[in-house]
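# Residue-level structure breakdown
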Amino acid sequence: MLMIRCPWCGEREETEFHYGGEAHKLRPLNADALSDREWSEYLFLNHNPKGVYLERWSHARGCRRWFNMVRDTVTSEIIEIYPMGSLPSSPEGKAAYESNWRRQTAAEANAKGEAASSEGDGA
Amino acid sequence: MGNDGGTDWLGQSGKTRYSVWSLVRNALAYHQDWQRAWRAPEPKAEYDVIVVGGGGHGLATAYYLASVHGITNVAVLEKGWLGGGNTGRNTTIIRSNYLWDESAAIYEHALKLWEGLSQELNFNVMFSQRGVLTLAHSEHELRQMTRRVEAIRLNGIDSEVKTPAQIKEIVPIINTDPTIRYPVMGGFFQQRGGTARHDAVAWGYARAADALGVDIIQNCEVTAIHRDGGRVTGVETTKGTIKAKKVACVASGHSGLLAGMAGVRLPVESRPLQALVSEPIKPICDTVIMSNAVHMYVSQSDKGELVMGAGTDAFNSFGQRGSLPVIEHMLAAAVELYPIFSRLRVLRTWGGIVDTCPDASPIISKTEVDGLYFNCGWGTGGFKATPGSGHVFADLVARDEPNDIAGPFSLKRFEGGYLIDEHGAAGVAH
């Protein structure tokens, strides 16, 4: 049983929460500009690390508000809890954010309104 | 001990064929002379094929590479011990009652191989066609189930819808009171389904593969996958570098990590799937009963324990441990459905790390790296497919082209959109 400290309600049991999967996964603004492969990377691929993971949680049976969490997927240690829309501040969280391959995907560049996608260059 | 002699049964390493006569002979010798079931070789410098993962699927792949395709210069690398991952942690249920044609083809292929497996491997895998009964707890679930039964039957696979009264006949201990939280509204039954002994499956394939010359190397973890110009050249392991022309990865929950070593990404997420056994009791349940609505599946092992499966943890994890809230949720429904269970004690609980796919169907596929293949994504229900999975994966690795059964399960389906959505038949929500 995970004990999760909701930023608004305090420490509660994991059964009060809903899991939202990978955090910082941005929806592309202009999906038409992405190739099928790049779109499938956004749609189906989630980071699945053995170790530090940045993820979204919602206090579904409490205040119903969302927040981000840095958690170790092997030990289940909760390293940091931080608000939606912000980046982690712990060294583990920062390193995990930077090293995630998603930072280099065309879908993420598209979502941030950066360089246009090039066909097949999803890496 | 360690008698490696005896008569050939598969032609190569001089194994004694298991039979009633070998049993009698060894009984008279106080069981001191049983030969070892497989060798423990040091890795060679190079292999034609390296199979990464010594669970049922990996060992089956190696066995069929040798027996069907004549490729015997094969190593199976296992980071722990044989069958110590999900092969030893599942609830051993076997069935082929899936909705879509693609799934029916692969799971029925597996079921047909199960039916002759003990004879083929000369190893009793204790395959028991005791039937699998799936319960419906609402009118809508029953309607959906009826539709699935029609689809299954159109694929030539046995399945029939059952009424609550018929279910009560099959499972006398079940509570069919319509006022309970999850009432039994009906269900469907596949008589050819059942269970097998999970350890025996790993050991049987290991012994038969070893007899054909396959090297089974335990305590050997792969730490890197070597490539040269887009082609796989071997692996780095805790026992040194091993070259290979082809590398076939069958590592369930750790598949994503292996893929990452070669720069390949897989649409899988790793979750612990929860299971438990009760203390052993006299026979009370001679079939397998599943309930998707409450994430419960139960059968009674030959030792008398009730083997019960629950759902997955709600979040990604590589921690192979039991999780009380998931188990509690399942047991609350189980004791209402089977009041006789209420006084049993839980003997042990555990979790196995399963690799779940977005469409709840497996991945049997080539990758962008030549000579690198993946067989993964079986999620919460891979055990039942073990022989079929190994059989078609060996075919893919040997020919570098998928056959008709494996073809639809390519990684390409996530780009093309041809998903095989089996969330309804998978039994556990992903």
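Our subject is the structure that appears above.
Reference entry: report on the structure contained in this document. (Residues numbered from 1 in each chain as written. Chains lettered and ligands numbered in written order. Predicted model: local features only at pLDDT ≥ 70, side-chain atom pairs only at ≥ 80, totals over all residues. Heavy atoms only, no water.)

## Let's talk about the overall build of chain A
If you tally the helices and strands in chain A, you get three helices and six strands. Shown N-terminal to C-terminal, the secondary structure of chain A runs as helices and strands in the order β-β-β-α-β-β-β-α-α. A burial count over chain A gives 48% of its 123 residues as buried. Put simply, chain A has 15 plus and 19 minus side-chain charges, and the middle of one group is 6 Å from the middle of the other. (Helix = DSSP H or I, 4+ residues; strand = E, 2+ residues; numbered from the N terminus. Buried < 20%, exposed > 50% of the residue type's maximum accessible area, 1.4 Å probe, protein only. Lys, Arg positive; Asp, Glu negative; His and termini not counted. Charge placed at Lys NZ, Arg CZ, Asp CG, Glu CD.)

## Thoughts on the overall build of chain B
Within chain B, the secondary structure is distributed over 12 helices and 18 strands. Taking 2.2 N^0.38 as the reference for a compact globule, 430 residues should give roughly 22 Å; the C-alpha atoms of chain B span a radius of gyration of 22 Å, in line with that estimate. Projected onto its principal axes, the C-alpha positions of chain B cover 65 × 60 × 40 Å. In chain B, which comprises 430 residues, the proportion classed as buried is 59%. (Rg over C-alpha atoms; globule rule 2.2 N^0.38 Å.)

## Overview of the packing of aromatic side chains
Applying the stated rule across the entire model yields 17 aromatic pairs over all chains. With a centroid separation of 5.3 Å and an interplanar angle of 40°, the aromatic rings of Trp39(A) and Tyr42(A) are classed as tilted. In this pair, Trp39(A) and Tyr42(A) are both assigned in helix H1 (residues 36-44), three residues apart and thus about one turn of the helix distant. Owing to a relative accessible area of 14%, Tyr42(A) belongs among the buried residues under this scheme. Taken together, the ring pairs in this structure connect Phe17(A), Tyr19(A), Trp57(A), Phe67(A) and Phe315(B) into an aromatic cluster. The ring of Tyr182(B) has Arg181(B) lying over it, and the distance from NZ or CZ to the ring centre is 4.3 Å. Across from the ring centre of Tyr18(B), 3.5 Å away, lies the NZ or CZ of Arg207(B), which sits over that ring. (Phe/Tyr/Trp six-rings, centres within 6.5 Å; stacked < 30°, edge-to-face > 60°. Lys NZ or Arg CZ within 6 Å of the ring centre and 35° of its normal.)

## Some remarks on the interface of chain A and chain B
Counting from both sides, the interface comprises 27 residues of chain A and, opposite them, 24 residues of chain B. With both sides pooled, the region where chain A packs onto chain B buries about 2100 Å², and carbon together with sulfur makes up 54% of that total. Among the residues of chain A in contact with chain B, Phe44(A), Asn48(A) and Lys50(A) are the three that bury the most area, contributing 31% of the side total. Run the count over chain A and chain B and you get two salt bridges. (Contact = heavy atoms within 4.5 Å. Buried area = accessible area lost by both parts, 1.4 Å probe. Salt bridge = Lys/Arg side-chain N within 4 Å of Asp/Glu carboxyl O.)

## A closer look at the side chain of Asn26(B)
All names here are of chain B. Mapped onto the elements of the fold, Asn 26 is located in helix H1 (residues 20-28). Here the side chain of Asn 26 touches Ser 22 through a polar contact of 2.8 Å, landing on its backbone oxygen. Excluding its chain neighbours within four sequence positions, the residues that come into contact with Asn 26 are His 31, Asp 33 and Trp 34. (Polar contact = N/O pair within 3.5 Å; in protein donor to acceptor, adjacent residues only side chain to side chain.)

## Focus on the sheet that holds strand E4 (residues 52-58) of chain A
Residues and elements named next belong to chain A. Taken in spatial order, the four strands make up an open sheet running E3-E4-E5-E6, and their pairing is antiparallel. Two strands lie at the open edges of the sheet, namely strand E3 (18-22) and strand E6 (78-82), each paired on one side alone. The sheet shows a mean angle of 30° between the axes of neighbouring strands, direction not considered. On the sheet, helix H2 (residues 91-99) packs against E4, strand E5 (66-72) and E6 and is oriented at approximately 100° with respect to E4. (Pairing = 2+ DSSP bridges. Axes fitted to C-alpha atoms, helices over the stretch in contact; angles between N-to-C directions.)

## Notes on the nonpolar core
Residue and element names in this part refer to chain B. Ranked by internal contacts, the top residues of the largest apolar core, which has 54 residues, are Val 51, Trp 114, Tyr 205 and Ile 364. Elements with a minimum of two residues in this core: strand E1 (46-52), helix H2 (56-67), strand E2 (74-77), helix H3 (101-115), helix H4 (117-121), helix H7 (198-211) and helix H10 (386-399). Once residues within four sequence positions are removed from consideration, Trp 114 is found in contact with Ile 94, Val 125, Phe 127, Ala 196, Val 201, Phe 383, Lys 384, Thr 386 and Pro 387. Counting residues in hydrophobic clusters, the runner-up holds 31 residues, among them Val 52, Ile 217, Cys 220 and Val 264. (Core = buried A, V, L, I, M, F, W, Y, C linked by side-chain atoms within 4.5 Å.)

## Overview of the sheet that holds strand E14 (residues 296-300) of chain B
Residue and element names in this part refer to chain B. One open sheet accounts for eight strands, arranged E5-E6-E4-E13-E14-E15-E12-E16; its pairing is mixed. Single-partner strands in this sheet number two, and they are strand E5 (160-162) and strand E16 (346-356). If you compare each strand with its neighbour and ignore which way they point, the axes differ by 20° on average. Of the pairings in the sheet, the one linking strand E12 (residues 269-278) to E16 comprises 10 bridges and is antiparallel in character. Residue pairing for E16: Ser 270 is matched across the bridge by Asp 355.

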